[in-house]
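Residue strings, one per chain:
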Amino acid sequence: RLPDGLREAYEEAVRQEGYADFQIAEQDAQGQIVRATRRPEYVVVSYIEPLAGNEKALGYDASSNPSRFDVLQRARDSGRAIATGRLMLVQETGRQFGLLIFQPIYSHGPAPATVEERRQHLLGYATGVFQIGDMIEASLQGVERNGITLRIEDEAAPAGQRLLYDSQSPLATTSL
């Protein structure tokens with residue numbers, strides 16, 4: 001979590017660590033990664049492991065996307081880990097769905113007792129990144145699947161956004 005007043009100093013510090021082109025970024029309307037517009041604060045991907053294959057996500061402002069911003073706020077205010085619905089990850093090169101789980105991190109340890117205290121003491125988030133197709137394919141590696149169709153849906157999601165994985169659909173899977 002980074003206030004706008006520290007943006008330039010933060011970007012320069014990361015560049016000095018060897019990431020010469022580092023900038024706080026967002027996706028534009030065409031899905032391209034561009035320099036983030038100014039806003040009061042950012043929730044920047046500052047560390048990602050492994051970095052190889054995820055370079056596009058480094059510097060991404062998770063709060064720049066309205067649906068992610070909503071989940072970030074709910075996690076912050078509740079003090080609990082909250083998952084997004086399905087989405088396409090900024091680093092995704094295929095066509096599979098993913099999801100994120102944001103766990104708020106507060107100064108002084110556990111989540112404070114009140115929402116106001118949680119808002120004041122939020123440092124940032126630990127985030128789990130899950131690529132659904134990769135997870136399913138890895139877990140089924142070596143399993144004979146002839147004649148078996150596997151479909152996973154999020155029943156809590158709005159209609160039309162429930163599909164997470166379908167073994168017969170190129171929209172929700174990648175081949176390993």
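Just so you know, the residues in each chain are numbered from 1, in the order the chain's sequence is written. Whole-chain, interface and lining totals are the exception, using all residues; otherwise, since this is a predicted model, local features are given only for residues with pLDDT of at least 70 and side-chain atom pairs are given and counted only at 80 or more. Side-chain figures throughout are based on the complete set of non-hydrogen atoms in the structure, without hydrogens or water.

What the largest pocket holds in volume is close to 540 Å³. Counting from the N terminus, the helices are the DSSP runs of H or I reaching at least four residues and the strands are the DSSP runs of E reaching at least two. It is strand β7 (residues 122-131) that contributes the most residues to the lining of the largest pocket, 8 residues altogether. Partitioned by chemical class, the residues of the lining of the largest pocket number 17 nonpolar, 7 polar and 3 charged. Lining residues are defined by having an atom within 4 Å of a point belonging to a cavity or pocket. Those points lie on a 1 Å grid over the protein atoms alone, cavities being sets where a 1.4 Å probe fits but cannot get out and pockets being open sets with protein on both sides within 12 Å along at least five of seven lines. Grid points are joined across faces, edges and corners, and a volume is the space filled by probe spheres set on the points. In this structure, the second largest pocket spans a volume of roughly 310 Å³. Lining the second largest pocket are 15 residues, and of these Ser67, Thr84, Gly85, Arg86 and Gln161 sit closest to its centre. The element best represented in the lining of the second largest pocket is helix α2 (residues 66-78), accounting for 3 residues. Under the scheme applied here, ten amino acids are nonpolar (Ala, Val, Leu, Ile, Met, Phe, Trp, Tyr, Cys and Pro), four are charged (Asp, Glu, Lys and Arg), and all others, including Gly, are polar.

Note on terminology: a nonpolar core comprises buried Ala, Val, Leu, Ile, Met, Phe, Trp, Tyr and Cys residues joined through side-chain atoms within 4.5 Å. Categorising residues by exposure relies on relative accessible area from a 1.4 Å probe, with only protein chains included: less than 20% of the type maximum marks a residue as buried, more than 50% marks it as exposed, and the intermediate range marks it as partly exposed. Counting residues in each nonpolar core, the largest one holds 13 residues, and the members touching the most others are Val43, Ala62, Leu72, Ala75, Leu100, Phe102 and Tyr125. Counting residues per element, the ones that place at least two in this core are α2, β6 (98-106) and β7. Whether two residues are in contact is decided by their heavy atoms: any pair within 4.5 Å suffices. Not counting residues up to four positions away in its chain, the partners in contact with Ala62 are Val43, Arg68, Phe69, Leu72 and Phe102. Counting 12 residues, the second largest nonpolar core, distinct from the first, contains Leu2, Ile24, Ile48 and Tyr60.

Salt bridges are counted wherever a side-chain nitrogen of Lys or Arg sits within 4 Å of a carboxyl oxygen of Asp or Glu. As enumerated under the stated definition, the model contains 15 salt bridges in all. Arg38 is paired through a salt bridge with Glu8; the nearest N and O atoms lie 2.6 Å apart. Of the two residues, Arg38 is situated in the loop between β3 (33-35) and β4 (41-42) and Glu8 in helix α1 (residues 7-16); the sequence distance between them amounts to 30 residues. Relative accessible area serves as the criterion here: at 40%, Glu8 is assigned to the partly exposed category. A salt bridge links Arg39 to Glu26; the shortest N-O distance between them is 2.5 Å. Here Glu26 lies in strand β2 (residues 25-27) and Arg39 lies in the loop between β3 and β4, a separation of 13 residues in the sequence. Of the two residues, Arg39 and Glu26, both sit in the buried class.

The next point concerns unusual backbone geometry. Cis geometry marks the peptide bond from Glu49 to Pro50, where omega comes out at -5 degrees. Mapped onto the fold, Pro50 is located in the loop between β4 and α2. Look at His108: it is not a glycine, yet its phi comes out positive at around 70 degrees. Topologically, His108 is positioned in the loop between β6 and α3 (115-121).

On their own, these measurements won't tell you what the molecule is for.
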